[in-house]
Amino acid sequence: MSKRKIIKIDEEKCDGCGLCIPDCPEGALKIIDGKARLVSDLFCDGLGACIGSCPRGAIAVEEREAVEYNERQVMANIAKQGRNVIKAHLKHLKDHNQHRYLQQALDFLRENKIEVPLEEQSECGCPSANPVDFRNKAAAETDLDANIPSQLRQWPVQLRLISPAASYYQGADVLLVADCVAYALGDFHLRYLKGKSVAIACPKLDADKDVYLEKIKSWFEDAKINTLTVIIMQVPCCKGLLGLAEEALKRSKRKVPLKVIVVGLEGDILKEEWL
């Protein structure tokens, strides 16, 4: 046993939808008795690809004592499931820069004379870590002397640090924004932030989602916010932020209009709708 990062499932939040299962090619998750279960510490690499697939925010990563992850045993299990699962697992390791595990996986495949489909393109894996270079599409230089004013009306902005009781949230139109959004949206301040209060968070890297859930719920019930707009990136892990907002609204006695905006990696708006 050693201390390492591994997923944790909140059984009260989990509704057994099974959306997390395809994003775990390692086979660490199964639906048992209507709930997602971590069937073996041995198979969980702790990278959290399943987090963004959970619409209820029931999956988080914690650090605890656990059986050491064993890549060779994982590959022995994955190899039985066919080429596509092998491909998804290899891409998952590559995207997260897990070079040691990747090499162990490749060694296993070669030793057992199994084809290595690493270089093929796949829709599986965890695209939130994929390197994408679109510098040639960047906007032309703007006049830095224009001194465009910030539309930020408050501090702090990190969801972990904010107080839902702060005056600037009372009766406000509030933005709940994934950390990466403001870097992708060139007009974020003028188009979205102006006139609104905000909090930012990362559903993949932040811990203690229960704290976030309670703060969002407090916006609804105590601050009596007017609307909540959740802005996320197109990568799967970002869906966890919307899941938290939806779960908080579900638990709240007071209902508030909820809007979602999904931003592409190059700053285009892929989706914008009231839920």
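Since this is a predicted model, take the numbers as computed values, not measurements. (Residues numbered from 1 in each chain as written. Predicted model: local features only at pLDDT ≥ 70, side-chain atom pairs only at ≥ 80, totals over all residues. Heavy atoms only, no water.)

A.B. asks: Mind showing me how you'd approach the sheet that holds strand β9 (residues 269-274) here?
C.D. replies: For sheets, the rule is that strands pair by backbone hydrogen bonds, running either parallel or antiparallel. The strand order across the open sheet formed by 5 strands is β6-β5-β7-β8-β9, and the pairing between neighbours is mixed. Two strands close off the open sheet at either side, each with one partner strand: β6 (197-201) and β9. Neighbour to neighbour, the strand axes of the sheet diverge by 15° on average, direction disregarded. Judged from the 6 bridges that link them, strand β7 (residues 227-233) and strand β8 (residues 258-263) form a sheet pairing that is parallel. In the sheet register, T229 faces β8, and the bridge partner there is K259. Where helix α7 (residues 239-251) meets the sheet, its contacts fall on β5 (173-178), β6, β7 and β8, and the angle it forms with β7 comes to roughly 160°. (Pairing = 2+ DSSP bridges. Helix = DSSP H or I, 4+ residues; strand = E, 2+ residues; numbered from the N terminus. Axes fitted to C-alpha atoms, helices over the stretch in contact; angles between N-to-C directions. Contact = heavy atoms within 4.5 Å.)

A.B. asks: Mind showing me how you'd approach the pattern of salt bridges here?
C.D. replies: Side chains carrying opposite charge are able to pair once their charged atoms draw close together. Within this structure, the stated rule accounts for 11 salt bridges. Taking the shortest distance from any N to any O, the salt bridge between R64 and E62 comes out at 3.1 Å. Take R64: its relative accessible area is 25%, and that puts it in the partly exposed class. On the accessibility criterion, E62 (26% relative accessible area) is partly exposed. Between E111 and R72 there is a salt bridge, with the nearest N and O atoms lying 2.5 Å from each other. Note that E111 is positioned in helix α3 (residues 99-111) and R72 in helix α1 (residues 71-79), a separation of 39 residues in sequence. When its relative accessible area of 36% is taken as the criterion, R72 is described as partly exposed. Through salt bridges with shared partners, a single ionic network connects D15, R56, E247 and R251. (Salt bridge = Lys/Arg side-chain N within 4 Å of Asp/Glu carboxyl O. Buried < 20%, exposed > 50% of the residue type's maximum accessible area, 1.4 Å probe, protein only.)

A.B. asks: Help me out: how do you make sense of the layout of surface pockets in this one?
C.D. replies: One way to see where empty space is left: roll a probe the size of a water molecule over the atoms. Its volume calculated, the largest pocket comes out at about 460 Å³. Taken together, 19 residues line the largest pocket, and the ones lying closest to its centre are A182, Y183, L185, F188 and H189. At the level of elements, β5, α4 (181-184), α5 (188-193) and β6 are the ones that each hand at least two residues to the lining of the largest pocket. (1 Å grid on protein atoms, 1.4 Å probe; cavity = no way out; pocket = protein on both sides within 12 Å on 5 of 7 lines; lining within 4 Å. Points joined across faces, edges and corners; volume = space filled by probe spheres on them.)

A.B. asks: Is there a simple way to think about the pairing of strand β3 (residues 35-38) in this case?
C.D. replies: On any regular strand, side chains alternate: one points to one face of the sheet, the next to the other face. The pairing of strand β2 (residues 29-32) with β3 spans 4 bridges and is classified as antiparallel. Counterpart to K30 in the pairing with β3 is R37. Counting the residues between successive antiparallel strands, the hairpin from β2 to β3 contains 2 residues, one of them, D33, with a positive phi of roughly 55°.

A.B. asks: Help me out: how do you make sense of empty space enclosed by the protein in this one?
C.D. replies: Counted by the stated rule, this structure contains 4 cavities of 30 Å³ or more. Here the second largest cavity defines a volume of roughly 80 Å³. If you go around the second largest cavity, you meet 13 residues; those closest to its centre are C14, C17, C20, A36 and C54. Classifying every residue of the lining of the second largest cavity gives 8 nonpolar, 2 polar and 3 charged. (Nonpolar A, V, L, I, M, F, W, Y, C, P; charged D, E, K, R; others polar.)

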